[in-house]
2 protein chains.
Amino acid sequence: MGDDVSQYQVGDLVGVGCMVDSCRECKACQDGLENYCADGFVMTYGSPDKHDGTLTQGGYSDKVVVSERFVVRMPDGLDLKSAAPILCAGITTYSPLKHYGVKPGHKVGVIGMGGLGHMGVKLAKALGAEVTLFTRSESKKAEAKKQGADHVVISTSDEEMQAVAETFDFMLDTVPVQHDINPYLEALKPDGTHILVGLLEPIDPAISGANLVFRRRVLAGSLIGGMPETQEVLDFCAEHGITCDVEMINIDQINEAWERMQKGDVKYRFVIDMASLKDAQAA
Amino acid sequence: MGDDVSQYQVGDLVGVGCMVDSCRECKACQDGLENYCADGFVMTYGSPDKHDGTLTQGGYSDKVVVSERFVVRMPDGLDLKSAAPILCAGITTYSPLKHYGVKPGHKVGVIGMGGLGHMGVKLAKALGAEVTLFTRSESKKAEAKKQGADHVVISTSDEEMQAVAETFDFMLDTVPVQHDINPYLEALKPDGTHILVGLLEPIDPAISGANLVFRRRVLAGSLIGGMPETQEVLDFCAEHGITCDVEMINIDQINEAWERMQKGDVKYRFVIDMASLKDAQAA
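The structure reproduced in this document is the subject of the present report. The model shown is predicted, which means the values in this text are computed figures rather than measured ones.

Procedures and definitions
Within every chain, residues take consecutive numbers counted from 1 along the sequence as written. Chain letters and ligand numbers both follow the written order, the letters beginning at A and the numbers at 1. With pLDDT at 70 or above as the cut-off, local features in this predicted model cover only qualifying residues; side-chain atom pairs require 80 or more to be listed or tallied, and sums for whole chains, interfaces and linings still use all residues. We call two residues in contact if the C-beta atoms placed from their backbones are at most 7 Å apart. Residue type decides the class: Asp, Glu, Lys and Arg count as charged, Ala, Val, Leu, Ile, Met, Phe, Trp, Tyr, Cys and Pro as nonpolar, and the leftover types, Gly among them, as polar. Should DSSP find at least two bridges between two strands, the strands are taken to pair. Under the scheme used here, helices are H or I runs from DSSP no shorter than 4 residues and strands are E runs no shorter than 2 residues, and both carry numbers assigned from the N terminus. Only the stretch in contact is used when a helix axis is fitted, and all axes are lines through C-alpha atoms; the angle between N-to-C directions ranges over 0 to 180 degrees. Exposure in this text rests on C-beta crowding, where 20 or more other C-beta atoms within 10 Å of a residue's own make it buried, 12 or fewer make it exposed, and counts in between make it partly exposed. The C-beta atoms are placed from the backbone. For this overlay, a least-squares fit was computed on C-alpha atoms, restricted to residues scoring pLDDT of at least 70 in both copies.

Here we come to the interface of chain B and chain A. If you look at the interface, chain B gives 31 residues, while chain A gives 31 residues. Across the side of chain B that touches chain A, the residue classes tally to 21 nonpolar, four polar and six charged.

The structure is reproduced here in structure tokens:
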């Protein structure tokens, strides 16, 4: 992606994900892993802009100027509103599945079924894995199967957890609040990998070192994905007919949506129709 | 290694490491990773024997019957007393270095310089890595250099730890008691791997999820090594002239040695000359 000749034409449909800039010079940036930029990337929302220092406004803008490097092409055939969260929830779950080489024959557990979890289920399935959704609530069983999960395990049931001990190659842990990781480590085979994509807090209860050492297990973290891989996941989703389940709202429903989100009452992402902002301003 | 035709002759010099048996049928055993046997391996010391149920006595025996699979050939040219701990401290540090592909160009940190740590330094150097020893005590600096470390970092110095932030590919953590892993995670590059070989307890203070997620770092565990790799590390040590630094004692010095070990006063392993047991019994 040179800076002189653009690969995009006026009128092309493009997307902007979680990042709009990075140092572009460190090893991570050179490797197309701008998400791990040594200087920290510039987030699309709430980050100081490198040029004028103002805070980036993300999707709450009617125009945005973004360097070509941080833009992705929207593939034909993807419903736009349903594709938008692929740029966050999609790439966040796709990147580690690809990085660790998930493929047919692998057993993958997905922990939690929110925006990230339901994309994790769809993507792991599309990569050929046998997918088990771990959830605390019996009520999510049918929904998990509908999303494509081969199996559902109720994580609060000692019996169900015991039954899957040492059987998984990977766990994709999408839970963003503190939770006990040990029972999931115990569900991994030797050499199994537990991937955190949501938990940024101190890990409490404490991980038992023995759960890693005695089975050569791995606890890993992963954060969104680089720009080349963000294009890749969009193309992959277009090819496999995968989108995020969304509910589109108008801008004037934002407070209600916020309250519903706090209660977990959303399947699985709200998408704001920005055309409604113009209507609201005109009114 | 078939059970019918032995690869050993009467009079061959062989070694027995930490294991004397395993199920031999699970996937790990089939892969030569008897150390991760699904049934748990039979330890050389203090494990119930699969055949008669008695506790294994390890090196405190003057004879031992061991299946050929759990025996390794002692290569020519290795001093026996100095080679003995390769079967534990050596394989424990070699196995993860090999598993994660440590090679020239890699920066490896070794945390702690006891029996495992000093072998970790020697082996990581022999694999071509640039090696930094992390220790709490200024007094170990000269000794670490003597053992082959390229650099020494005093881990209690915030300044020294800051200076190495995001510079390591691997950390080999040999510390067997609870300690804060976060400062070491912060010393890893993106994709860096922190390998626990000694810590079996709950990890306290808690690991920050962010330290893994924001840099795609990995926390891993590793336990001794399988039988084929135990032969490999012996051959590797013979080729590179590596042995463990040991102090050989007679059996009647065992209580004194135990007290010194409790105080950390050993460089780096005591080895008991079992001939002295016969002398003691004869006396």
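One open sheet accounts for 12 strands, arranged S9(A)-S8(A)-S7(A)-S10(A)-S11(A)-S12(A)-S12(B)-S11(B)-S10(B)-S7(B)-S8(B)-S9(B); its pairing is mixed. The outermost strands of the open sheet, each flanked by one partner alone, are strand S9 (151-154) of chain A together with strand S9 (151-154) of chain B. Within this sheet the neighbouring strands show an average axis-to-axis angle of 20°, counted without direction.

Phi is mostly negative for residues that are not glycine, and the peptide bonds are mostly trans. Here the amide bond leading from Asp204(B) into Pro205(B) is cis, since omega sits at 5°, within 30 degrees of zero. You can see Pro205(B) is positioned in the loop between strand S11 (188-196) and helix H8 (209-213). Cis geometry is adopted by the peptide bond preceding Tyr268(B), which originates at Lys267(B) and carries an omega value of -10°. The phi angle at Arg216(A) is positive, at roughly 50°, despite the residue not being glycine. Here Arg216(A) falls in the buried class, since 24 other C-beta atoms lie within 10 Å of it.

Bringing the environment of Asp49(B) into the picture now. Residue and element names in this part refer to chain B. Within the secondary structure, Asp49 is located in the loop between strand S4 (45-48) and strand S5 (55-57). Judged by C-beta crowding, with 14 C-beta atoms within 10 Å, Asp49 ranks as partly exposed. Note: C-alpha distance between Asp49 and Val20 (29 residues apart in sequence) is 8.9 Å. Look past the residues within four positions of Asp49 in its chain and what remains in contact with it is Val42, Thr54 and Thr56.

Mapping chain B onto chain A leaves a residual RMSD of 0.0 Å; the transformation is a rotation of 180° accompanied by 0.0 Å of translation along its axis. What we have between these two chains is a two-fold relation. By C-alpha distance to the rotation axis, the residue of chain B lying nearest is Leu219(B), at 2.5 Å. Comparing interface residues between copies, 100% of those in chain B also lie at the interface in chain A; the contact surface is shared.

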